[in-house]
Amino acid sequence: IFERLAEAMPEPKTELVYHSPFELLLAVLLSAQMTDAGVNRATEKLFKVANTPASILALGPEKLGDYLKSINAPYQV
């Protein structure tokens, strides 16, 4: 299956905006809650202040939640 997909789409594209594998992972997880365009609006602000696992953790649940309010993404503390 992967070989056929690679042949059919050798360079797959996404609408998600990201600059690192971690940013892509986080954006994909968030996209389950909203459209890619909505995720891009939220992550544009988030990734300017926190775009690594350590910096996301340093924000804490409340501040992270502020960035994710527009996505309506639930998170567990």
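The model shown is predicted, which means the values in this text are computed figures rather than measured ones.

Parameters at a glance
The written sequence of each chain sets the order in which its residues are numbered from 1. Residue-level local features of this predicted model are given only where pLDDT is at least 70; pairs of side-chain atoms are given and counted only at 80 or more, and the full residue set underlies all totals for whole chains, interfaces and linings. To get the side-chain values, take all heavy atoms of the structure and skip hydrogens and water. A fitted line through C-alpha atoms represents every axis, and for helices the fit uses only the stretch in contact; the resulting angles, taken between N-to-C directions, go from 0 to 180 degrees. We count a stretch as a helix when DSSP gives it H or I for four or more residues in a row; a strand needs E for two or more, and each element gets its number in order from the N terminus. Note on terminology: angles under 35 degrees are roughly parallel, angles over 145 are roughly antiparallel, angles of 65 to 115 are roughly perpendicular, and the others are oblique. By the definition used in this description, the sense in which the near helix is turned from the far one sets the handedness, with an anticlockwise turn below a right angle giving left-handed and a clockwise turn giving right-handed. Only heavy atoms matter for contacts: two residues are in contact if any of them lie within 4.5 Å across the pair. One speaks of a salt bridge when a side-chain nitrogen belonging to Lys or Arg is within 4 Å of a carboxyl oxygen belonging to Asp or Glu. Each residue is assigned to one of three classes by its accessible area relative to the maximum for its type, calculated with a 1.4 Å probe on protein chains only: buried under 20%, partly exposed between the two thresholds, exposed over 50%.

(A) Here's a closer look at the packing of helix H3 (residues 36-49) against helix H4 (residues 53-68). Relative to each other, H3 and H4 sit at 155°, their axes nearing to 11 Å. Between H3 and H4, the crossing angle belongs to the class labelled roughly antiparallel. Crossing of H3 against H4: the hand is right-handed. Packed against H3, whose contacting residues are Ala 42, Lys 45, Leu 46 and Val 49, the element H4 presents Ser 55, Ile 56, Leu 59, Leu 64, Tyr 67 and Leu 68 at the interface.

(B) Fine view of the pattern of salt bridges. This model, assessed by the stated rule, comprises two salt bridges. The residue Glu 11 makes a salt bridge to Lys 13 at a minimum N-O spacing of 3.9 Å. On the accessibility criterion, Lys 13 (71% relative accessible area) is exposed. Taking the shortest distance from any N to any O, the salt bridge between Asp 66 and Lys 69 comes out at 3.2 Å. Under the relative-accessibility criterion, Asp 66 is labelled partly exposed at 45%.

Nothing here speaks to function; it is geometry throughout.
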